[in-house]
Structure formats: C-alpha cells, structure tokens
Amino acid sequence: MNLQLDTEKNTVDHFRSDIINGLQSTPKKLPSKYFYDKTGDHLFQKIMAMPEYYLTRCELDIFKNKTDELAALLMAENEAFDLIELGAGDAMKSTYLLKHLTEKGIDFTYMPIDISGNILSILHEKLSRQFPEMKIACLEGDYFKMLQKAALLSNRKKVVLFLGSNIGNMTLEEAENFCLLLNSNLSSEDCVLIGFDLTKNPHTILSAYNDKEGITAAFNLNLLTRINNELGANFAISQFQHYQNYDPISGACKSFLVSRIKQSVIIGSETISFDENECIDMEVSQKFSMEKIAELCKKSGFTVTGEIKDTKKWFVDSIWKVK
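As the structure is a prediction and not an experimental result, all values here were calculated from the model.

A. Seen up close, the overall build of the chain. Scanning the chain from N- to C-terminus turns up 11 helices and 14 strands. In terms of overall size, the chain behaves like a compact globule, its C-alpha atoms giving a radius of gyration of 20 Å where 323 residues would be expected to give roughly 20 Å. Structurally, the chain occupies a C-alpha span of about 60 × 55 × 35 Å along its principal axes. Within the chain, the fraction of its 323 residues that count as buried is 50%. In the chain, the proportion of contacts linking residues at least 24 apart, taken out of those at least 6 apart, comes to 71%. In the structure as shown, the chain presents an accessible area of about 15,300 Å², 52% of it carried by carbon and sulfur atoms. Here the chain carries 36 positive and 44 negative side-chain charges, and the mean point of each set is 2 Å from the other.

B. Representation of the packing of helix H8 (residues 172–184) against helix H11 (residues 290–299). In contact at an axis separation of 9 Å, H8 and H11 are set at 45 degrees when each is read in the N-to-C sense. Viewed along their axes, H8 and H11 adopt a mutual orientation that is oblique. Helix-helix and strand crossings are classified by hand; for H8 and H11 the assignment is right-handed. When H8 is examined against H11, the residues Leu172, Ala175, Glu176, Cys179 and Leu180 are found in contact with a partner set consisting of Lys292, Leu296 and Lys299.

C. Layout of the sheet that holds strand E8 (residues 240–247). Across the sheet, 4 strands lie side by side as E1-E12-E9-E8; this open sheet has mixed pairing. Edge positions in the sheet fall to strand E1 (28–29) and E8, since each has one partner strand and no second. Relative to strand E12 (residues 279–286), strand E9 (residues 252–259) runs antiparallel, the two sharing 7 bridges. Paired with Lys254 across the strands is Val284, a residue of E12. Its contacts with the sheet place helix H10 (residues 215–231) against E8, E9 and E12, and it is angled at close to 125 degrees to E8.

D. Representation of the packing of aromatic side chains within the structure. According to the stated counting rule, one finds 21 aromatic pairs in the structure shown. Plain terms: the ring middles of Tyr53 and Tyr209 are 6.0 Å apart, the flat faces sit at 75 degrees to each other, and that makes the pair edge-to-face. Taken together, the residues span a long stretch of sequence, with Tyr53 in the loop between helix H2 (38–48) and helix H3 (54–65) and Tyr209 in helix H9 (residues 202–209) at a distance of 156 residues. In terms of burial, Tyr53 and Tyr209 fall into one category: buried. Within the aromatic cluster, the residues linked to one another by ring pairs are Phe35, Tyr36, Phe44, Tyr53, Tyr209 and Phe219. In this arrangement the basic side chain of Arg226 is found over the ring face of Phe15, its NZ or CZ atom lying 4.6 Å from the centre. Lying over the aromatic face of Trp314, Lys312 brings its terminal NZ or CZ to 4.4 Å of the ring centre.

E. Quick peek at the side chain of Asn222. Its location among the elements puts Asn222 in helix H10. Sequence-distant contacts of Asn222, that is, excluding residues within four places in its chain, are made with Phe35, Asp37, Thr39, Gly40 and Leu43.

F. Quick look at the pairing of strand E6 (residues 157–162). Burial within E6 is extensive, with 6 of its 6 residues counted as buried. Here E6 shows no split at all, with Lys157, Val159 and Leu161 on one side and Lys158, Val160 and Phe162 on the other all buried. In the sheet, strand E2 (residues 81–86) pairs with E6 via 5 bridges, with the strands oriented parallel. Bridging from a neighbouring strand, Glu85 pairs with Leu161 of E6. Summarising the sheet, E6 and strand E7 (residues 191–197) pair through 4 bridges and their orientation is parallel. Within the sheet, the bridge partner assigned to Val160 lies in E7 and is Val192. As for the winding sense of the linkage, the β-α-β connection from E6 through H8 to E7 is right-handed.

G. Layout of H2. Residues of H2 that are buried include every one of Gly40, Asp41, Leu43, Ile47 and Met48, and no others. The arc that holds every buried residue of H2, seen down its axis, measures 165 degrees, which confines them to one face. Residues of H2 that are buried in the fold lie against H3, helix H6 (117–130) and H10.

H. The nonpolar core, seen in detail. Within the largest apolar cluster, 66 residues are counted, with the highest numbers of intra-cluster contacts made by Leu83, Tyr110, Ile227, Phe235 and Ile267. Looking at this core element by element, the count peaks at 7 residues for H10. Leu139, Phe162, Val192 and Val322 belong to the second-largest nonpolar core, a separate cluster that totals 30 residues.

How each quantity is defined
Per chain, the residues get numbers from 1 upward, laid out in the order the sequence is written. Given that this is a predicted model, residues contribute local features only at a pLDDT of at least 70 and side-chain atom pairs are listed and counted only at 80 or more, while totals for whole chains, interfaces and linings are drawn from all residues. To get the side-chain values, take all heavy atoms of the structure and skip hydrogens and water. Per the convention used, a helix needs a DSSP run of H or I reaching at least four residues, while a strand needs a run of E reaching at least two, with both numbered from the N terminus. All radius of gyration figures rest on C-alpha atoms, and the globule criterion is 2.2 Å times the number of residues raised to 0.38. Remark: exposure states derive from per-residue accessible area (1.4 Å probe, protein chains only) relative to the maximum for the residue type, with buried under 20%, exposed over 50%, and partly exposed in between. Two residues qualify as a contact provided that any one of their heavy atoms is within 4.5 Å of a heavy atom in the partner residue. The Shrake-Rupley method, run with a 1.4 Å probe, gives the accessible areas here. Residue values count only the displayed protein chains as cover. Within this scheme the basic residues Lys and Arg register as positive and the acidic residues Asp and Glu register as negative, but His and the chain ends are omitted. Charge placement uses NZ in Lys and CZ in Arg. For Asp and Glu, CG and CD serve respectively. The axes are straight lines fitted to the C-alpha atoms, using for helices just the contacting stretch, and the angles between their N-to-C directions are given from 0 to 180°. With respect to orientation, any angle under 35 degrees is reported as roughly parallel, any angle over 145 as roughly antiparallel, any angle of 65 to 115 as roughly perpendicular, and every other angle as oblique. Crossings are classed by handedness, with left-handed meaning an anticlockwise turn of the near helix from the far one by less than a right angle and right-handed meaning a clockwise turn. Strand pairing follows a simple DSSP-based rule, namely that at least 2 bridges must link the two strands. Within 6.5 Å between ring centres, the rings of Phe, Tyr and Trp (the latter by its six-membered ring) count as paired, and their orientation is classed by plane angle as stacked under 30 degrees, edge-to-face over 60, tilted in between. Think of it as a cone above the ring: NZ of Lys or CZ of Arg counts as a charge over the ring if it is within 6 Å of the ring centre and within 35 degrees of the ring normal. Handedness of a crossover is defined as follows: orient the strands so they point away from the viewer, and if the path from the first strand over the helix to the second runs clockwise, the crossover is right-handed. Arc definition: it is the arc formed by the directions from the helix axis to the C-beta atoms. Nine residue types can take part in a nonpolar core, namely buried Ala, Val, Leu, Ile, Met, Phe, Trp, Tyr and Cys, and a core is a set of them joined through side-chain atoms within 4.5 Å.

Pasting the structure below:
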C-alpha cells in the first residue's frame, strides 16, 4: 500500500471521528486545533495583525526587546540543546531568539512542531534562507507524538516553547493535564517557556476576540467550510453566526457558533440536528493571574525559574524547569 495515501486516509479518518464525536456531544463542540488549514492559517495571520489583537504584539515585545534575558534563562549552561516549538506557525516571535542564538554561535537544533504541514513547509523555506547554517527538523503532527519523535532524534537537553497563550485554548483542567503530560515527556533539567495572557480590563480582552471587521468570525466559520470540503458535509455557512463572550471572574473568553434556524447537517452517514439558537462551543481563550500560573506550575511538577513580562505587563512568558 502507498504509505503516503495510507497516512492521508488515517488523518482524514481521525478528523472525521473528532468532528462527529464533537457534534454528537452535549453541548456540541468542535476541536479548535482544526481551525488551521490553508485558509485558517491565512485568517489567523490577519487576526494577529489586527489593532485589537494585543497578544501577538505583547509577546513580540518580549522576544524582540528582551532576547538576551530570554536566552539567559533558557540556557543556564552553555550546552548543546534542541529548541522545540509547539504550534510554531510562522515563528514570527521565536525568530528573534533563533537569530540571537545563531549569532552567538550556540549549538542547537530548531524543531518546530505544527499540525499544519502547509505552514511548516513555508516556515522551513523561510528559515533556510534566513539562517542557512541553522539545523532545522520540522515535525508535523500532534504535540506529544512529535515530542516523543524529537526524543528519538536526539538525547540532548530539550527547551520547549509554547507561545501565544496557546495554553489558554484549554480549560483549566485540560491545561493541568497538558502540563502534567508535557512534564512526563521531558527529562530532568529540561525546561519549557509558556506564554500566558494575563487578566486585564475585560473590554480590552473582549475586543481582541470580537473585532468589528469580522475576521475572527470568519476564522471560526472557516472550520465549517473545511468540514464541507474535506468530509463532504453540507453546512449552510450563512445559517451560523459567531458569538463571543468573556467572564472576568473565571478568566474564560469563549467563542461559539450559533445556529440561526432549526436545521440538519449531513456528514457522510451521520445526520446532526440543530435547534434554532443552539450553539457549538468552538474555543476557549483562558486568561491567567500570576497566582494561577504559579499553582499550575506546582501541580504539574515543574519549578518556575524565571518570568518575563511585556512593557504593558499584559502578558508573561514563564520559564519552568523539570524537577
């Protein structure tokens, strides 16, 4: 059997299973990791450029203007290591760190992990031009499978980047389980840098996810288009509407798609029924206090070795070490 075709079939089967299971659950839910096809990648680039979307600029401020401090915290000793970025995307922020390490002649291999093969191919081409001497090993797939693959590729110290407040795309319970699993896939003295969006004025947060141009809405609705294109479904995209809310007490900023009418959607042999005004839970963007971050670190078996905030103190990159 053609291995590439077999792999593609398994990927589609897994996608179909996740989508159907999510839409048959109560309440209905779709995994946000599937936002990122080629169109989704493009829309997210537009989101990051929006004036309301402060997250990228805040963490970029850290990576651009505090690179020396970042590098010093991540490399307590001048030893060779693997720099692994979970959900690397276009590596816009981490490129500043890559440039710093390369210029200093540090021995490292950059291992970007992403579920989108499209974005990885673009990234590899870009970085190969910019840093022709840098060692790059792109890993396409789920985080932990690729972390295990990275461990097989090399036994050097691992430094893991998890940027952009991607940790916020989980509930607090999911974030704790994720960090526990991350810890179990690393060795003593390995470290991680996790970006956390901090709690702040609720209006600032809500505006970042409910832009007037409707780019975030299009980003969410594109997943329905992807399901139509890849699974042969018949979502009527115009019959779903984006809705966003933020709870400043819990710190959860959540996005939904609302069915405008009573309707049914067919995906293969499955029929999914929607009531009028029924919601699909699309994504959570959790905001954190410094106390919550410290608690999460302790519960998942790490110790905090450093914290760097942006100029506005809206965002923090927290550096944790495996005990």
